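# Results of the structural survey
Single-letter residue listing:
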Amino acid sequence: MSNKTTVESWTEWDPLRHVIVGRATDCHIPPNEPALEAKVPEDSDMRGQHGRRPQETIDRANELLDTFAAQLEARGITVDRPTPIDFSQPVTTPDFHTDSQFGCMPPRDVLLTVGHEILEATMSYRCRWFEYLCYRPLMQRYFDEDPNFRHEAAPKPRLTDADYHDNYLSDSIGVEQRLKWAAERHFVTTEEEPLFDAADVLRFGRDLVVQHGFTTNLKGIEWLRRHFPEHRVHTVNFPGDPYPIHIDATFTPLRPGLILNNPQRRLPDDQRGLFERNGWQIVDAAQPAHNTPPPLCYSSVWLSMNVLALDEKTVCVEASEVYQQDQLDKLGFEVVPVELRDAYAFGGGLHCCTADVRREGGLQDYFPDQ
């Protein structure tokens, strides 16, 4: 059996055979910048914090990520890891300066695997401008080992102040105003240039479902539509989310015909037609087991539904999220508990901290009735 890499993944649920799992090493809380500040809730303990995260929290997160990687390897899944850079380094371009960077725990944010291609996203935070470098050693190896692999990078945005609405920077906006803006699709990012994070894209074979929100603008979605001309690209948004960052704690496909939807951020009726016409069931996710996120965490309690499907019958769920585990068990899945909560603060949950390299299964059409 060859140990050489094959890059191919078309869905979120086909049998996982090769994956990248992130690292928490040297992760920083970056200084304020327009897109980042808009993401942090007014009452969050993240407000005003920046600098390298405490070493004991880094060590704990890496312990959990290493254990998760070992769990996957025990199931016969090949696991690769990124090479962290020095995230304390400032970033200066002709258009902006930021005093430090972020980390490489959530490869899902940066890398979008569609078929035989891995695409580096634009990113919309200045502190994440160079994050792709952590994955370049892997991309180079995949390129050498797989003659069908396409390594692509979206155009690097300038990220000038013109990319952001400055009225999002007020500390006193409040959730009610944020929800109103979300319903009106008025987000912190403007349409100055294409912006998208890979974690705003879900793969359904021939169809890509992309969230319009804080980190992905309409011009970014149009860029994806042109870049993947053989795919059908669908724009969604979720008015109940005052901080619409990434789609994978809001809308989670588990197998053909079944999607978990955050009950506080339901897909609007006018966007459900594609799924309803093709017999897909959208069910409310179970309630989170926790009332608050962990300390110094950007994410919401709804990382409970940020699960990783290993195949159509097997799903990894965070070990403390007992209600989500119970729901998936009743839906007929084998549930694999994975302890990860103490790593949430470094960039998200089980889906966030992974990026597909290979899943079995070819390109299929799951939505023949468009």
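To keep things clear, this report deals only with the structure shown in the data block. (Residues numbered from 1 in each chain as written. Predicted model: local features only at pLDDT ≥ 70, side-chain atom pairs only at ≥ 80, totals over all residues. Heavy atoms only, no water.)

### Notes on the overall build of the chain
Basically, it comes down to this: Secondary structure is summarised from DSSP: a helix means a run of H or I of at least four residues, a strand means a run of E of at least two, and numbering begins at the N terminus for each. Computation of the radius of gyration draws on C-alpha atoms, with the globule rule given as 2.2 Å multiplied by the number of residues to the power 0.38. The cut-offs for exposure are 20% and 50% of the maximum accessible area for each residue type, with area from a 1.4 Å probe on protein chains only; residues under the lower value are buried, those over the upper are exposed, and the others partly exposed. Residue contacts are counted whenever heavy atoms from the two residues lie within 4.5 Å of one another. All accessible areas in this document rest on Shrake-Rupley with a 1.4 Å probe, and a residue is counted as covered only by the protein chains that are shown. Under the convention used here, Asp and Glu are negative, Lys and Arg are positive, and both His and the chain ends fall outside the count. Charge positions are represented by NZ for Lys, CZ for Arg, CG for Asp and CD for Glu.
Across its full length, the chain carries eight helices and 19 strands. Against the 2.2 N^0.38 benchmark of 21 Å for 370 residues, the chain shows a C-alpha radius of gyration of 19 Å, consistent with a compact globule. Taken over the C-alpha atoms alone, the chain extends approximately 50 × 45 × 40 Å along its principal axes. Buried positions account for 60% of the 370 residues belonging to the chain. Here the analysis covers contacts within the chain between residues at least 6 apart in sequence; of these, 74% occur between residues at least 24 apart. For the chain, the computed accessible surface area is about 14500 Å², with 47% contributed by carbon and sulfur atoms. Computed over 37 positive and 59 negative side-chain charges, the separation of the two mean positions in the chain equals 3 Å.

### Description of the side chain of Glu117
Stated precisely, the cut-off is as follows: Polar contact is the term for a pair of N or O atoms within 3.5 Å; when the atoms are in protein, one must be able to donate a hydrogen and the other to accept it, and sequence-neighboring residues count only if both atoms are side-chain atoms.
Mapped onto the fold, Glu117 is located in strand 8 (residues 117-120). On the basis of relative accessible area, Glu117 is assigned to the buried category, the value being 3%. A distance of 2.6 Å separates polar atoms of two side chains, one belonging to Glu117 and the other to His227. Setting aside residues no more than four positions away along its own chain, Glu117 makes contact with Val7, Leu112, Phe149, Arg150, Glu152, His227 and Phe228.

### With respect to the pairing of strand 17 (residues 314-318)
The condition that has to hold: Paired strands, as defined in this entry, are two strands with at least two bridges between them according to DSSP. Call a crossover right-handed when, viewed with both strands pointing away from you, the route from the first strand across the helix to the second goes clockwise.
Burial within strand 17 is extensive, with five of its five residues counted as buried. Burial of strand 17 is two-sided: the residues Thr314, Cys316 and Glu318 facing one way and the residues Val315 and Val317 facing the other way are all buried. In this sheet, strand 17 lies alongside strand 16 (residues 308-311) in antiparallel orientation, the contact comprising three bridges. Within strand 17, the position partnered with Ala309 by the bridge is Val315. What sits between the antiparallel neighbours strand 16 and strand 17 is a turn of two residues. As judged from the five bridges shared by strand 17 and strand 18 (residues 334-338), these two strands associate in the parallel manner. Following the sheet pairing, Glu318 is matched in strand 18 by Val338. With helix 8 (residues 322-330) bridging strand 17 and its parallel neighbour strand 18, the resulting β-α-β unit is right-handed.

### Some points on the pattern of salt bridges
The condition that has to hold: Salt-bridge detection follows one rule: a side-chain nitrogen of Lys or Arg within 4 Å of a carboxyl oxygen of Asp or Glu.
Enumeration over the complete set of coordinates arrives at 29 salt bridges. As a salt-bridge pair, Arg108 and Glu12 come within 3.8 Å of each other at their nearest N and O atoms. You can see Arg108 sitting in helix 3 (residues 107-110) and its partner Glu12 sitting in the segment before strand 1 (16-21), a full 96 residues away along the chain. In terms of burial, Arg108 and Glu12 fall into one category: buried. The salt bridge partner of Lys330 is Asp326, with a shortest N-O separation of 3.1 Å. Within this pair, Lys330 and its partner Asp326 are both found in helix 8, separated by four residues, close to a single helical turn. For Lys330, a relative accessible area of 66% gives the class exposed. Each of the salt bridges in this network shares a partner with another, and the network as a whole consists of Glu12, Arg108, Arg203, Asp356 and Arg359.

### Regarding unusual backbone geometry
Most of the time, phi is negative for any residue but glycine, and the peptide bond is trans. For Asp26, which is not glycine, the phi dihedral falls at a positive 60 degrees. Its place among the elements puts Asp26 in the loop between strand 1 and strand 2 (28-29).

### Structural notes on the nonpolar core
Counted only if it meets this: Throughout this description, the term nonpolar core refers to a set of buried Ala, Val, Leu, Ile, Met, Phe, Trp, Tyr and Cys residues connected via side-chain atoms within 4.5 Å.
Formed by 44 residues in total, the largest nonpolar core has its most connected members in Phe68, Leu72, Leu254, Cys316, Leu328 and Phe346. Those elements that place two or more of their residues in this core are strand 1, helix 2 (55-74), strand 14 (258-261), strand 16, strand 17 and strand 18. Membership of the second largest hydrophobic core comes to 32 residues, among which are Leu119, Leu208, Ile221 and Leu224.

### Structural notes on the sheet that holds strand 13 (residues 251-255)
We count it as follows: Fitted lines through C-alpha atoms serve as axes, helices being fitted only where they are in contact, and the angles separating the N-to-C directions of these axes extend from 0 to 180 degrees.
Taken together, the three strands give an open sheet; going across it, the order is 13-14-15, and neighbouring strands pair in mixed fashion. Two strands close off the open sheet at either side, each with one partner strand: strand 13 and strand 15 (281-284). On average, adjacent strands in this sheet sit at an angle of 30 degrees to one another, irrespective of strand direction. Sheet topology note: the strand 14/strand 15 ladder contains four bridges and is parallel. Residue pairing across strands places Ile259 opposite Ile282, the latter belonging to strand 15. The sheet contacts of helix 8 involve strand 13, strand 14 and strand 15, and relative to strand 14 the element is tilted by about 160 degrees.

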